[in-house]
Amino acid sequence: MSFAWATPYEPKSDLSRWFDDRLPLPRLVHGAIGGGYPVPRNLNYAWNFGVLAGIFLTIQIVTGIVLAMHYFASADGAFNSVEHIMRDVNGGWMLRYAHANGASFFFIVVYIHIFRGLFYGSYKAPRELIWMLGLVIYLLMMATAFMGYVLPWGQMSYWGAQVITGFFSAIPLVGDPIRIWLLGGFVPDQAALTRFFSLHYLMPFVIAGVVILHIWSLHIPGSSNPTGVDVKTEKDTLPFHPFYTAKDGWFVGMFLTLYCAVLFFAPNALGHPDNYIPANPLSTPAHIVPEWYFLPFYAILKAFTVDFIVPAKLWGVVAMFASILLLFFLSWLDRSPVRSGHYRPVFKRFYWLLVADVFVLGWAGGSAATPMVVAISQIATAYYFAHFLIILPLISKFERPLPLPSSITASVLHGEQEESAPYGLAKSAPAAAE
Amino acid sequence: MIRKIGPIVGLGFVLVLLLSLYSGLSAYFQAPPEATAEEGFHLYPKELHLASNGPLGHFDRQQLQRGFQVYKEVCAACHGLTLVSFRDLAALGYEEPEIKAIANQWATEVPSVNPDTGEAATRKAVPSDRFPSPYANETAARAANNNAYPPDLSLITKAREDGSAYTHSLLTGYANPDTYRNKDGKALPASSKPAQGLYFNPYFANLNIAMPPPIVADGQVTYADGTAPTVEQMSTDVSAFLTWTAEPKLENRHRWGLTVLIFLIFATILGYLSYRNIWAAAKRKVAPIGPLDPANMARREDAKDEAGIVG
């Protein structure tokens, strides 16, 4: 698809030729993740997380479908049906822990994937649409994860649903009617639970659809790489299979080992104990917190405490949505033609500051809102917006990037000529190495 | 366009945040919040070592049976265990006749219907029944307990931070509010002293709990296996039992986990070796040229053969 030297699919047997003539599905796979997709030869391990995200989406869909066979979306029975899965369904505890921790690991993988894109300028031309489709996937993931967390109908499920649907009531004038319409009632109850379950089952397939678009748009320019330099010749690339299937293969094994270590030995470490208490509309938990992967956004939401023109709550909600929406405009905010952070000394510093900032936001989002925590979250939120909306445009204007390598090959195979010619013949025979 | 609007939006957010920061900090410094009694007196749970702790933990069945006895004789008067069935006791090492007897003799009967009149009734429990709640409903429970609602204990060790350590600390943590001194040597302020019907317990979040001390004296239960029933021992045993009720498949999970990890680590090592193998040529493609070029070396060998040179 992407480069002229991509090897076309060649059927190896009569059967595959027969098949290829009628439905070229093996050809599609060959071009997408097989030997027909040339990939820059210098990808580092940050590039393994796209495949991993696909693996975790699959784990979530498979475990989710089986869980849905035993789960019962009823305000009276949901909590007990989850416990029925944990106690009486064969291997049910494994399915549920795999699904709950699978969500956490899906987010870990996707966060690394997003931050890899931020560092290596994967949002820049010609990959803007890949980036935006990725953000759409991320937004869909957030909605899916939120609705999934409501399904066990524990205390945090219930009160999380209260808080999140409460965002809509911040909209002036029409806010409350919209919230009631979304919930199907004045508070989360049977109507809300049933529709959340329905949507939670639907959304992963929507995600899978957008993932296909994401990968399709990726295969037009091809994968970016740590130097950010465009692929120039065939020497710059390796076929996806067997090189990157092998690299992804062992790395997926390692990451699944990590996932299973948590799944089997600390399955509740990433959850909240309050969600083992059945939902009780009359008793508010002392600290309502979302799942860990939403904590930075929760900190942004809570950072706005002053009614300036509009109520503080509306500021918080707008800022929280803006914190993700602004990422759609990244390729226009950061106009530096250099993609990779390796060659951008000023950008690189601020990038790591942003990473630290997001961790601080996550910590602040999970802590009780004491005045000091709130103050820290306000400074961190201010930096988050300043980073993307003020600092990045300024850096791209004033920064002097370091010189780029002439090609991907030059950056990885430096000194090849000298090394291969022990008698000093290399310089006299420059093209002989080909 | 975006480059013009972006910084304006950014400055807007930063401005409102600085306003928020200023108002928050000025409020804080004008009237710093006073430390609450909870901050000075609330304790984190004591350490508790159970056989089920840790990645390879397993249940001590003898201890679970003792814990079950404590639950039956002490806790069950007020707390239900409605997610656990009598039949589940088989996992504790009870035989089927024993389980039948336990269910049959359970102090609370299970709700039923009179087969002759259709009126609400109760009947003796059978192994397939869940442990019945001691109260008909929440209202009845509150009416009997000074308006406090004794929570169901099935999941209690997963529904509290630090689980079994917490229940153990709570059960053994009751103290006299008049003589209690915290780690700084301070006495409990009058405003935090327990009201009528409440009991001081520094391990409880707001220091005053509605549950009277349940385990009060050594020898409150008589263990069949001869273990000395000290307060500490009974509390540890019942905490172990409640770990089991919350996570009955814990041993299964640990066993599976070990198998899965061994398999995955083995597969990962194989995967890594094949990755190294596949990439060996691509990583550093050092092409021999000049005299080391295989074609030239072959030509040299041919020339040597032709000239009859050996070695």
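Residues numbered from 1 in each chain as written. Chains lettered and ligands numbered in written order. Predicted model: local features only at pLDDT ≥ 70, side-chain atom pairs only at ≥ 80, totals over all residues.

**Q** Quick one: what's the story with the overall build of chain B, residue by residue and with numbers?
**A** Counting secondary structure elements, chain B contains nine helices and six strands. Against the globule reference of 19 Å for 311 residues, chain B gives a C-alpha radius of gyration of 34 Å, more extended than a compact globule. Structurally, chain B occupies a C-alpha span of about 110 × 70 × 50 Å along its principal axes. Here chain B holds 311 residues, and the buried ones make up 29% of them. (Helix = DSSP H or I, 4+ residues; strand = E, 2+ residues; numbered from the N terminus. Rg over C-alpha atoms; globule rule 2.2 N^0.38 Å. Buried ≥ 20, exposed ≤ 12 C-beta atoms within 10 Å, placed from the backbone.)

**Q** Explain the overall build of chain A to me, using residue names and the numbers behind them.
**A** Helices and strands together make up the secondary structure of chain A, namely 17 helices and two strands. Projecting the C-alpha coordinates of chain A onto the three principal axes gives extents of approximately 85 × 60 × 40 Å. Looking at chain A as a whole, 43% of its 434 residues are labelled buried. In chain A, 75% of the contacts between residues at least 6 apart in sequence involve partners at least 24 apart. (Contact = placed C-beta atoms within 7 Å.)

**Q** Can you lay out the interface of chain A and chain B for me, pointing to particular residues and giving the numbers?
**A** Between chain A and chain B, the residue contacts involve 58 residues of the former and 52 residues of the latter. The set of elements that each furnish at least two residues to the side of chain A that touches chain B consists of α4 (78-87), α5 (92-119), α10 (240-265), α12 (312-325), α13 (330-333), α15 (371-398) and α17 (416-420) of chain A. Of the residues belonging to the side of chain A that touches chain B, the class tally is 43 nonpolar, eight polar and seven charged. (Nonpolar A, V, L, I, M, F, W, Y, C, P; charged D, E, K, R; others polar.)

**Q** Break down the nonpolar core for me, citing the residues and quoting the values.
**A** In terms of nonpolar packing, the biggest core is built from 56 residues, with Ala53, Phe106 and Val109 of chain A touching the most fellow members. In terms of residue count, α5 of chain A provides more of this core than any other element does, 13 residues in total. Among residues more than four places away in sequence, those in contact with valine 109 of chain A are Phe49, Leu52, Ala53 and Phe56 of chain A. In this structure, Leu48, Ala76, Leu92 and Leu242 of chain B belong to the second largest nonpolar core, which totals 44 residues. (Core = buried A, V, L, I, M, F, W, Y, C linked by C-beta atoms within 7 Å.)

**Q** Hey, could you go over the domain arrangement of chain A for me, with residue numbers and the actual values?
**A** All names here are of chain A. According to the domain assignment, chain A consists of domain 1 (31-285) and domain 2 (289-398). One C-alpha centre belongs to domain 1, the other to domain 2, and the line joining them spans 22 Å. Of the residues lining the interface, 26 residues belong to domain 1; the matching set on domain 2 comes to 20 residues. Mapped onto the side of domain 1 that touches domain 2, the elements with two or more residues apiece are α5 and α6 (128-150). No other element matches the seven residues that α6 contributes to the side of domain 1 that touches domain 2. Looking at the side of domain 1 that touches domain 2 residue by residue, the class counts come to 17 nonpolar, seven polar and two charged. (Domains from an automatic or database assignment.)

**Q** Tell me about the packing of helix α11 (residues 295-303) of chain A against helix α14 (residues 345-366) of chain A, and please be specific about residues and values.
**A** Residues and elements named next belong to chain A. Contact geometry of α11 with α14 gives a least axis separation of 7 Å together with a crossing angle of 75°. Considering their axes alone, α11 and α14 lie roughly perpendicular with respect to each other. Of α14, the residues touching α11 (which contributes Leu295, Pro296, Tyr298, Ala299 and Ile300) are Val358, Leu361, Gly362, Ala364, Gly365 and Gly366. Within the contact of α11 with α14, the residues separate by chemical class into eight nonpolar, three polar and no charged. (Axes fitted to C-alpha atoms, helices over the stretch in contact; angles between N-to-C directions. Parallel < 35°, antiparallel > 145°, perpendicular 65-115°, else oblique.)

**Q** Describe the domain arrangement of chain B, with residues and values.
**A** Residue and element names in this part refer to chain B. Along its sequence, chain B is carved into domain 1 (41-79 + 152-248), domain 2 (81-132) and domain 3 (253-307). Taking only C-alpha atoms into account, the centre of domain 1 sits 26 Å from that of domain 2. In this assembly, eleven residues from domain 1 lie in contact with nine residues from domain 2. Of all the elements, helix α3 (residues 61-73) adds the most residues to the side of domain 1 that touches domain 2, at four residues. Class assignment for the residues of the side of domain 1 that touches domain 2 results in six nonpolar, three polar and two charged.

**Q** So, the confidence of the model for chain A: which residues are in play, and what are the values?
**A** Residues at a pLDDT of 70 or more form 94% of chain A, whose mean pLDDT is 91. A low-confidence stretch, residues 418-434 of chain A stays under pLDDT 50, and its non-local contacts, those more than four residues away or across chains, total 25 contacts. (pLDDT = per-residue confidence, 0-100.)

**Q** Run through the environment of glutamine 60 of chain A, naming residues and quoting values.
**A** Residues and elements named next belong to chain A. Within the secondary structure layout, glutamine 60 lies in helix α3 (residues 49-70). We classify glutamine 60 as buried; it has 22 C-beta atoms within 10 Å. Measuring from C-alpha to C-alpha, the distance between glutamine 60 and asparagine 101 comes to 9.5 Å, with 41 residues separating the pair along the chain. Apart from the residues lying within four places of it in its own chain, the contact partners of glutamine 60 are His99, Gly102, Ala103, Phe106 and Pro204.

**Q** Mind laying out the pairing of strand β2 (residues 110-113) of chain B, listing which residues take part and the relevant values?
**A** All names here are of chain B. The pairing of β2 with strand β3 (residues 120-123) spans four bridges and is antiparallel. Opposite valine 113, over in β3, you have alanine 120 as the bridge partner. Hairpin connection of β2 to β3: six residues between the antiparallel strands, including glycine 118 at a positive phi of 80°. (Pairing = 2+ DSSP bridges.)

**Q** Lay out α5 of chain A with the relevant residues and their values.
**A** All names here are of chain A. End to end, α5 covers 40 Å across 28 residues, agreeing with the expected 40 Å (1.5 Å per residue, within 8%). Along α5, the helix axis deviates most sharply at glycine 102, where the bend reaches about 25°. A large share of α5 lies buried, amounting to 21 of its 28 residues. Where α5 ends, the next residue or the one after it, glycine 121, has phi of about 60°, a positive value. (Expected span 1.5 Å × (residues − 1). Bend = angle between axes of the 7 residues up to and from the residue.)

**Q** Residues and numbers for the pairing of strand β1 (residues 81-85) of chain B, please.
**A** Residue and element names in this part refer to chain B. With four of its five residues buried, β1 lies for the most part within the structure. In terms of strand pairing, β1 meets strand β4 (residues 130-131) through two bridges, oriented antiparallel. Across the sheet, serine 85 pairs through a bridge with arginine 130, a residue of β4.

**Q** Could you give an account of unusual backbone geometry, with specific residues and numbers?
**A** Omega for the bond connecting alanine 125 of chain A with proline 126 of chain A falls within 30 degrees of zero, at 5°, which places this linkage in the cis form. Tracing the chain through its elements places proline 126 of chain A in the loop between α5 and α6. That bond from histidine 241 of chain A to proline 242 of chain A is cis: its omega, 10°, falls within 30 degrees of zero. Looking at where proline 242 of chain A falls in the secondary structure, it is placed in helix α10. Its identity is not glycine, yet asparagine 146 of chain B carries a phi of approximately 60°, on the positive side. By the element assignment, asparagine 146 of chain B lies in the loop between α5 (138-144) and α6 (163-172). Accessibility expressed as a C-beta count within 10 Å gives 11 for asparagine 146 of chain B, which makes it exposed. Positive phi outside glycine occurs at leucine 207 of chain B, with the angle close to 75°. Inspection of the secondary structure assignment puts leucine 207 of chain B in the loop between β5 (199-200) and β6 (208-209). Under the C-beta neighbour-count criterion, leucine 207 of chain B is labelled buried, with 25 such atoms within 10 Å.

**Q** Lay out the packing of α3 of chain B against helix α7 (residues 231-246) of chain B with the relevant residues and their values.
**A** Residue and element names in this part refer to chain B. α7 packs onto α3 with a crossing angle of 100° between their chain directions and a minimal axis gap of 7 Å. Accordingly, the angle class assigned to the pair α3 and α7 is roughly perpendicular. Of the residues in α7, those in contact with Gln63, Leu64, Arg66, Gly67, Phe68, Val70 and Tyr71 of α3 are Met234, Asp237, Val238, Ala240, Phe241 and Trp244. Residues that form the contact of α3 with α7 fall into these classes: nine nonpolar, two polar and two charged.

**Q** Any chance you could break down the confidence of the model for chain B for me, citing the residues and the numbers?
**A** Considering every residue of chain B, the mean pLDDT works out to 91; 97% of them sit at 70 or more. Both scores are available for the predicted complex, with the pTM at 0.91 and the ipTM at 0.89.

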